Amino acid sequence: MNTFSNEVKRAIANKTPIVALESTIISHGLPRPRNLEVALEVEAIVRANGAIPATIAMIDGEIHIGLESNELDRIANDTNVAKATTRDIALFAAKRMSAATTVAATSQIAHTAGISFFATGGLGGVHRGARDTWDESADLTALANTPITVVCAGVKSILDVAATLERLETLNIPIIGFRTNRFPGFYLVDSGFPLEHSVDSVLEIIEILRTRKSTQTDNCALLVANPVEIEMKRTLHDELLETGLAKAAASNISGKDVTPFLLEYFHGASNGESLSVNIEIIKSNAMLAAQIAAAAQ
Ligand code: PSU
Ligand code: MN
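How each quantity is defined
- Residues numbered from 1 in each chain as written.
- Chains lettered and ligands numbered in written order.
- Predicted model: local features only at pLDDT ≥ 70, side-chain atom pairs only at ≥ 80, totals over all residues.
- Heavy atoms only, no water.
- Axes fitted to C-alpha atoms, helices over the stretch in contact; angles between N-to-C directions.
- Helix = DSSP H or I, 4+ residues; strand = E, 2+ residues; numbered from the N terminus.
- Parallel < 35°, antiparallel > 145°, perpendicular 65-115°, else oblique.
- Left-handed = near helix turned anticlockwise from the far one by under 90°.
- Contact = heavy atoms within 4.5 Å.
- Nonpolar A, V, L, I, M, F, W, Y, C, P; charged D, E, K, R; others polar.
- Near = heavy atom within 4 Å.
- Polar contact = N/O pair within 3.5 Å; in protein donor to acceptor, adjacent residues only side chain to side chain.
- Areas by Shrake-Rupley, 256 points an atom, 1.4 Å probe, with all protein chains shown as cover.
- Core = buried A, V, L, I, M, F, W, Y, C linked by side-chain atoms within 4.5 Å.
- Buried < 20%, exposed > 50% of the residue type's maximum accessible area, 1.4 Å probe, protein only.
- Pairing = 2+ DSSP bridges.
- Phe/Tyr/Trp six-rings, centres within 6.5 Å; stacked < 30°, edge-to-face > 60°.
- Salt bridge = Lys/Arg side-chain N within 4 Å of Asp/Glu carboxyl O.
- 1 Å grid on protein atoms, 1.4 Å probe; cavity = no way out; pocket = protein on both sides within 12 Å on 5 of 7 lines; lining within 4 Å.
- Points joined across faces, edges and corners; volume = space filled by probe spheres on them.

Q: Any details on the packing of helix α11 (residues 234-250) against helix α12 (residues 258-269)? Residues and values, ideally.
A: α12 packs onto α11 with a crossing angle of 130° between their chain directions and a minimal axis gap of 10 Å. One finds that α11 runs oblique with respect to α12. You can see that α11 and α12 cross each other, and the crossing is right-handed. Counted together, His-237, Leu-240, Leu-241, Thr-243, Gly-244, Leu-245, Lys-247 and Ala-248 of α11 and Phe-261, Leu-262, Tyr-265, Phe-266 and Ala-269 of α12 form the full contact between these two elements. Partitioning the contact of α11 with α12 into residue classes produces nine nonpolar, three polar and one charged.

Q: Tell me about the site of ligand 1, and name the residues and values.
A: Lining the immediate surroundings of ligand 1 are 17 residues, of which Glu-22, Val-103, Ser-137, Asp-139 and Thr-259 lie closest. Here an oxygen atom of ligand 1 sits 3.4 Å away from a polar atom, N or O, in the side chain of His-127. Between ligand 1 and Ser-137 there is a distance of 2.6 Å, counted from an oxygen atom to a side-chain nitrogen or oxygen. Against a free-state accessible area of 480 Å², the protein chains account for coverage of 94% of ligand 1.

Q: For the nonpolar core, give the residues involved together with the corresponding values.
A: The biggest cluster of nonpolar side chains holds 62 residues, and the ones touching the most others in it are Ile-65 and Leu-223. Top contributing element to this core by residue count: α12, with five residues. Not counting residues within four places of it along the chain, the set of residues in contact with Ile-65 comprises Asn-2, Thr-3, Phe-4, Ser-5, Val-8, Ala-54, Thr-55, Ile-56, Ile-109, Ala-113 and Ile-115.

Q: Go over the pairing of strand β13 (residues 222-225) with me, naming the residues and quoting the values.
A: The side-chain alternation of β13 yields two buried faces, one formed by Leu-222 and Val-224 and the other by Leu-223 and Ala-225. Pairing between strand β8 (residues 149-152) and β13: four bridges, direction parallel. Across the sheet, Val-151 pairs through a bridge with Val-224, a residue of β13.

Q: I'd like a description of the packing of aromatic side chains, backed by residues and values.
A: On inspection of all chains with the given rule, the structure shows two aromatic pairs. Summarising the aromatic geometry, the rings of Phe-186 and Tyr-187 are spaced 4.6 Å apart at their centres and angled 55° between planes, so their arrangement reads as tilted. Overall, the relative accessible area of 3% leaves Phe-186 in the buried class. Here Tyr-187 and Phe-266 contribute two aromatic rings whose centre-to-centre distance is 5.1 Å and whose plane-to-plane angle is 15°, an arrangement assigned as stacked. Of the two residues, Tyr-187 sits in the loop between β10 (182-185) and β11 (188-194) while Phe-266 sits in helix α12, which places them 79 residues apart along the sequence. Like Phe-266, Tyr-187 is buried. By the ring-pair criterion, three or more aromatic residues cluster together here, those being Phe-186, Tyr-187 and Phe-266.

Q: If you had to explain the pattern of salt bridges to someone new, which residues and values would you point to?
A: The final tally for this structure, using the stated rule, is 13 salt bridges. Lys-283 is the partner of Glu-41 in a salt bridge, and the nearest nitrogen-oxygen pair spans 2.8 Å. One end of the pair, Glu-41, is in helix α3 (residues 34-48); the other, Lys-283, is in helix α13 (residues 273-295), and 242 residues separate them in sequence. Classification of Lys-283 by relative accessible area gives buried; the value is 18%. Notably, a salt bridge pairs Glu-136 with Arg-167, separated by 3.0 Å at the nearest N-O pair. On the criterion of sequence distance, the pair formed by Glu-136 in the loop between α7 (130-133) and α8 (138-145) and Arg-167 in helix α9 (residues 161-170) is long-range, its members being 31 residues apart.

Q: A description of empty space enclosed by the protein should follow, citing residues and the corresponding values.
A: Tallying each qualifying case throughout the model produces one cavity of 30 Å³ or more. Lining the largest cavity are 13 residues, with Leu-21, Glu-22, Ile-26, Val-42 and Ile-282 positioned closest to its centre. Those elements giving two or more residues to the lining of the largest cavity turn out to be α2 (24-29) and α3. Top element by residues in the lining of the largest cavity is α3. It accounts for four residues. Residue classes in the lining of the largest cavity are distributed as nine nonpolar, two polar and two charged.

Note that all results are geometric; they support no functional claim without further evidence.
Laid out in structure tokens, this is it:
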């Protein structure tokens, strides 16, 4: 039922470290044609850092772990590609649909394929106004139930970060800052919230992976929070957030459309500044995830 790319098949046979990559970023998070270029650059970064990339998506109802170049092209350019969270996987499979996978769906598929490391941009979480809308990403519950190490730049700054951190605590999902004791704010280096745990090296992460096993607390995800090096201008960020949220509300955007809508608004209204920061985030997370995967061998 699952289809592995030739490269991932070889990596499994040779026990080469593998890093899972999500595809929602490609189809719904970045504008064309930059999305395909970035997807290829990110895969190259994983290879250059000692691991093999496994970009995960659904094509014509099949789950793909690692995409051949024509498949990656399809995910990037076919406007009919849906957005699949975990609950959608079986439904899209039955309808033979093509879909990009979110953090939730990618983690689940990667774990069942025996992949332990995953790089993304920013996680989903509790949306602002969730008190009324109940909009909370399925990424949170998926991460609570999936043993995988996820490198991210925190959660998207369009969210209610404080509420998301509380939910992560409730769900028992551990977070370690990589060379920081502040929770990163996706486009911003610091979301304004502290982290209790931080590490300075990949080897410290490897030690934590070992103690997660020995203490039998490795049934959920381990989040490695890796802040972007050069952040977006804060004043511009805060201004776009305010206008973007107002626009989403005025246009009656809801459900799984909220995140793509706000990301696209940011990229357009910042004249590409948020886009280049977003790309840097994904690249830097891919590099760190590959280094962790390689060191864990
Ligand atoms: N971070 C990005 N770009 C994205 C996303 C995250 O930089 O496109 C995607 C991820 O796939 C994440 C999803 O899992 O948004 C969360 O969507 P929602 O809020 O609808 O659960
Ligand atoms: Mn949602």
